[in-house]
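Chain residues, written in single-letter form:
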Amino acid sequence: MDAVLVVNADLGPLHRVTVQHAIRMLCRRVAEIHESEPDQVIGIFPLPRVVRLVRYVVTRWRFRAGPAWSRAGVLARDGRRCAYCDGPATTIDHVLPRSRGGRNTWGNTTAACYPCNQRKGDRTPAEAGMPLRRELATPSWASLAR
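Residues numbered from 1 in each chain as written. Predicted model: local features only at pLDDT ≥ 70, side-chain atom pairs only at ≥ 80, totals over all residues. Heavy atoms only, no water.

- The protein carries the name HNH endonuclease in an unreviewed UniProt entry, which gives Micromonospora robiginosa as its organism.

### Examining the sheet that holds strand 4 (residues 45–53)
Okay, so step 1: The mixed open sheet is built from 4 strands, whose spatial order is 2-1-4-3. Each having just a single partner strand, strand 2 (13–17) and strand 3 (31–42) make up the two edges of the open sheet. Geometrically, the sheet is characterised by an average inter-axis angle of 25 degrees between neighbouring strands, direction not taken into account.
Okay, so step 2: Here 7 bridges tie strand 3 to strand 4, and the two strands are oriented antiparallel to one another. Of the residues in strand 4, the one forming a bridge with Val 41 is Pro 46. (Pairing = 2+ DSSP bridges. Helix = DSSP H or I, 4+ residues; strand = E, 2+ residues; numbered from the N terminus. Axes fitted to C-alpha atoms, helices over the stretch in contact; angles between N-to-C directions.)

### Brief notes about the domain arrangement of the protein
Okay, so step 1: Each assigned domain of the protein is listed here: domain 1 (3–56) and domain 2 (66–143).
Okay, so step 2: Placing a centre on the C-alpha atoms of domain 1 and another on those of domain 2 gives a separation of 34 Å. (Domains from an automatic or database assignment.)

### Regarding the pattern of salt bridges
Okay, so step 1: A full pass over the atoms with the stated rule returns 7 salt bridges.
Okay, so step 2: Residue Glu 32 is joined to Arg 52 by a salt bridge in which the shortest nitrogen-to-oxygen separation is 2.4 Å. Residue Glu 32 is found in strand 3, and its partner Arg 52 is found in strand 4; the two are separated by 20 residues along the sequence.
Okay, so step 3: Arg 52 gets classed as partly exposed once you look at its relative accessible area, which sits at 23%.
Okay, so step 4: Across the pair Asp 86 and Arg 134 runs a salt bridge, and its minimum N-O distance is 3.7 Å. Remark: Arg 134 occurs in the loop between helix 4 (125–128) and helix 5 (141–145) and Asp 86 occurs in the loop between helix 2 (71–77) and strand 5 (91–94); sequence separation between them is 48 residues.
Okay, so step 5: According to the relative accessible area criterion, Asp 86 is partly exposed, its value standing at 35%. (Salt bridge = Lys/Arg side-chain N within 4 Å of Asp/Glu carboxyl O. Buried < 20%, exposed > 50% of the residue type's maximum accessible area, 1.4 Å probe, protein only.)

See below:
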């Protein structure tokens, strides 16, 4: 178990933290254990799986434009699967290449394996004859928290 889900006081998911960070939150009494691993303890605390904040944190900013673009976010959104061959993805590919004005946005980037990324090169998927296997969309906060 390497990540602990942090939920707001109203049980809305916020983000994931390491077990060490979760234990620090419990020691500072900013969070309580909501769900734990059975028969596993760290000091006096059961090994947390989910911690709930004691006070509600206002998260209006989360519902405005969605999460900011990131390489890790693109890989998580696409399930670490290549958009061209459905193999394991390790790189990010720009649908409209950066040399042609493509930007780092959710709608212009997708996860790709290294061979497909190299084969597509500096072309669009249509020019390279490599159609995308899935729609590109901005993920929700909840989908990235999973």
